[in-house]
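Secondary and tertiary structure notes
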Amino acid sequence: FLHSGRGRASLISRLSTPAAPQAPNIAAPPAEPTPSSATASEDVPSPPAASVVMQTSPTTADGVTGTLANLSLETSSGSDPSAQRQRMGTSGTPVTIMSNYLGMHFLDNKGIFRYETRFEPETDSPRVRNSLLNQHLDVLGTAKIFDGVLLYISTRLSENQTTLKSIRHDGVEVKIDLIFQKKQKVTESIQFFNILLGKVMRCLKMVRINRNNFNPNCAHKIEQHKMELWPGYVTAIEEVEGGLMLNIDASHRVMRTDTVRSVMADIHRQGKGNFRETCMAELLGVTVLTRYNNATYRIDDIHWDKDPSFTFETKGQTVTLAEYYKSHWNIEIQDMKQPLLYHKAQKRGTQGTTVETEILLVPELCYMTGLTDAIRNNFRIMRDLAAVTQVVPEKRRQVIRAFVKDIQNTPVAKELLSYWGLSISEDLVKLQGRVMPPETLEFGGGSTTRVTEKADWGRAATTNPLLRATGLSKWFICYTERDQRVAEEFFKMLKRVASTMRMDIAVPQRAALRNDATMNYIQEIRKAMASKPDMVVCIVPAQRQDRYAAIKKLCCVESPVKSQVIVTKTISDERKLKAVAEKIAIQMSCKMGGAPWALNVPFSNAMIAGIDVFHAGPGQTRVPSVAGFVASLDKALTVWHSTAAVQGPNQELVDLLKVCFISSLKAYFQKRGTYPDRIFIY
């Protein structure tokens with residue numbers, strides 16, 4: 001099963017249950033409902049349709065690869081309804097639930113009609129072509145879509161070829177031929193409707209940040225933290241089994257009231273490391289907001305050799321940036337020595353090509369957005385943000401219904417949708433769900449526990465023996481002299497909680513460092529490698545990415561050994577030390593190959609595979625991307641095989657996917673003596 005989401009419904013709609021018992025048994029969904037058909041909750045019979053039958057050979061001599069090689073596709077004219085399998089399960093207690101989807105309805109007399117355009121004499125500029133078509137809005141409608149060649153309108157013209165005449169800006173008469181091509185199906189127009197939805201958002205005066213839209217007029221101020229929360233929506237029009245629907249969820253964007261200049265000033269005051277390098281590391285890739293026009297920009301670079309006295313040409317005059325902001329926005333730049341921020345924008349050129357333009361921004365006018373690691377680690381800030389963002393389901397439903405009401409109460413947005421014969425349901429989609437029975441977790445020594453509806457088994461995990469405990473007979477711990485007492489208390493507590501989990505921990509080899517310099521940690525770890533420890537534990541006074549990266553590089557690449565890095569603050573509170581030590585003990589056991597607990601997995605011979613790709617940070621365009629592939633090897637899903645593959649920068653598709661898969665299948669066979677019957681891919 002490929003767990004990818006998008007396009008899954010359309011794939012399933014092409015599959016039917018084959019007659020052969022050994023073939024996959026996949027039922028076709030109901031046909032897409034028309035505006036006058038029954039709702040999704042009613043039984044709608046679907047007519048027989050062409051389907052794809054997957055047949056497999058019963059032989060397993062060649063393992064799973066042999067089975068895959070024998071797959072064949074055949075076309076059939078239909079399938080026996082009695083042989084179809086209901087893809088919805090039956091266990092659990094039925095319950096009526098609502099999904100964050102809104103139904104979309106289309107008028108029968110409207111559609112998306114595509115026309116090819118021809119101009120005589122030839123007119124190359126898409127902008128001029130569009131202005132020529134705009135002279136006939138009474139025929140084409142005010143909400144037409146034109147990409148420079150193809151024209152989309154909501155009502156079909158009376159003739160297959162229609163001729164219009166327009167006057168160009170230079171007085172020349174231009175003949176326009178509109179040649180009808182086709183009426184697009186709704187399922188072919190998902191991208192079109194998402195573009196249309198973006199226009200509706202602009203009609204509602206939403207500000208687009210990345211891919212989502214937010215409302216600055218309803219900002220919730222959190223003044224004690226110099227922040228604002230902008231409410232907004234995450235939206236996408238998708239094809240599902242009920243047809244086309246609007247997937248929508250309430251969201252919030254953290255808008256800070258501190259500027260880029262104030263962040264740079266704070267870095268300068270702290271005086272840590274190279275000022276320019278620290279600023280680049282902190283700011284590159286960050287999205288900032290300019291409040292004078294409510295526009296967002298991504299910081300791609302910092303031009304240290306430019307300042308607000310930088311001159312440029314505009315309307316035949318040479319002006320400085322400071323003069324431009326004063327005359328255009330009535331804003332006076334305060335710091336004339338600050339560097340400028342650089343944003344690389346892509347705009348559509350006059351010939352339809354993409355043109356890159358450089359935009360220079362003034363730091364004191366750019367406001368920070370989003371959360372930094374320091375903010376995420378601040379309990380008070382996160383608690384105050386959660387009070388606004390974490391809402392109960394009914395409140396979330398009200399927010400989504402308010403969105404639909406806003407569209408209905410905004411004439412421009414309502415007219416735009418009605419032009420295309422489109423309307424959105426006023427309430428969320430209802431469907432029948434199931435409350436599944438609670439799962440039972442298995443621990444060591446035959447202990448079990450039932451998971452409650454809160455899905456919290458933290459206490460059970462620390463009071464029961466680990467499912468598979470691995471001790472630490474030889475390990476190394478290092479810390480600064482100042483943190484020696486904290487380290488000793490931590491070790492005592494770690495040994496105490498580990499005994500409850502049936503995990504044996506020996507006395508470690510210790511090293512107290514004079515200070516927290518990165519090189520001190522590296523040197524002591526290298527010395528400890530001579531005794532070949534099972535694990536290295538480093539207690540560091542504060543979070544520092546460079547030190548953490550250096551320790552992990554040494555322990556993962558140069559001299560591979562399992563490692564654990566702990567921040568002093570995490571283990572310095574005596575009241576929380578026991579709970580923290582329990583979690584760290586479980587982590588250390590897992591790294592040593594242990595397993596804290598397991599579920600009773602119903603599949604006896606299934607492999608779970610996970611795939612993801614890591615990309616380098618902003619500004620590192622030449623750094624390769626790394627694909628990670630993991631696969632389970634045992635029934636309880638506690639033993640895993642992993643593979644990493646280096647590939648081109650920012651490349652999402654995995655070149656060595658076949659190699660990773662074969663490596664995992666060989667490891668599975670070596671562990672269990674057979675190949676998996678099922679493979680689930682995430």
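Residues numbered from 1 in each chain as written. Predicted model: local features only at pLDDT ≥ 70, side-chain atom pairs only at ≥ 80, totals over all residues. Heavy atoms only, no water.

For clarity, the threshold we go by: UniProt positions are given in the numbering used here, feature names are shortened, and annotations may be inferred rather than shown by experiment.
The name given to the protein in an unreviewed UniProt entry is Piwi domain-containing protein, and the organism recorded there is Bracon brevicornis. The UniProt entry for the protein carries this comment under Sequence similarities (unreviewed entry): "Belongs to the argonaute family. Piwi subfamily." Check the Subcellular location (unreviewed entry) section of the UniProt entry for the protein; it says "Cytoplasm".

1. Looking at the packing of helix 6 (residues 260–270) against helix 7 (residues 275–283)
To keep things clear, this is the line we draw: Working convention: axes come from line fits to C-alpha atoms, limited for helices to the stretch in contact. Angles between N-to-C directions cover 0 to 180 degrees. Going along the chain from the N terminus, every DSSP run of H or I of four or more residues is numbered as a helix, and every run of E of two or more is numbered as a strand. Angles are sorted into four bins: roughly parallel if under 35 degrees, roughly antiparallel if over 145, roughly perpendicular if 65 to 115, and oblique for all others. Should the near helix be turned anticlockwise from the far one by less than a right angle, the crossing is left-handed, and should it be turned clockwise, the crossing is right-handed. In what follows, residue pairs with any heavy atoms lying within 4.5 Å of each other are defined as contacts. Here the term charged refers only to Asp, Glu, Lys and Arg, the term nonpolar to Ala, Val, Leu, Ile, Met, Phe, Trp, Tyr, Cys and Pro, and the term polar to all other amino acids, Gly among them.
Where helix 6 contacts helix 7, the axes come no closer than 10 Å and their chain directions differ by 135°. On the basis of the axis angle, helix 6 is oblique to helix 7. In the packing of helix 6 onto helix 7, the handedness of the crossing is right-handed. Contacts from Val260, Val263, Met264, Ile267 and His268 in helix 6 reach Phe275, Thr278, Cys279, Glu282 and Leu283 in helix 7. The class makeup of the residues in the contact of helix 6 with helix 7 is 7 nonpolar, 2 polar and 1 charged.

2. Quick word on the packing of aromatic side chains
Spelled out, the test is: Any two of the Phe, Tyr and Trp rings considered here, Trp counted by its six-membered ring, make a pair once their centres fall within 6.5 Å; the pair's planes then place it as stacked at under 30 degrees, edge-to-face at over 60, or tilted in between. Here the term buried applies to any residue with accessible area under 20% of the maximum for its type, exposed to any over 50%, and partly exposed to those in between, with areas from a 1.4 Å probe on protein chains only.
Overall, the coordinates contain 18 aromatic pairs when judged by the stated rule. Ring geometry for Phe192 and Trp420: centres 4.8 Å apart, planes at 80°, overall edge-to-face. Placement of Phe192 in helix 5 (residues 190–203) and of Trp420 in the loop between helix 12 (411–419) and strand 22 (422–435) is noted, with a sequence separation of 228 residues between them. The exposure classification of Phe192 matches that of Trp420, with both residues buried. Ring centres 5.3 Å apart and planes at 45° place the aromatic pair Phe603 and Phe680 in the tilted group. In this pair, Phe603 is assigned in the loop between strand 29 (598–599) and strand 30 (606–614) and Phe680 in strand 33 (residues 678–681), connecting sequence segments 77 residues apart. On the basis of relative accessible area, Phe603 is assigned to the partly exposed category, the value being 31%. Its relative accessible area of 15% is what places Phe680 among the buried residues.

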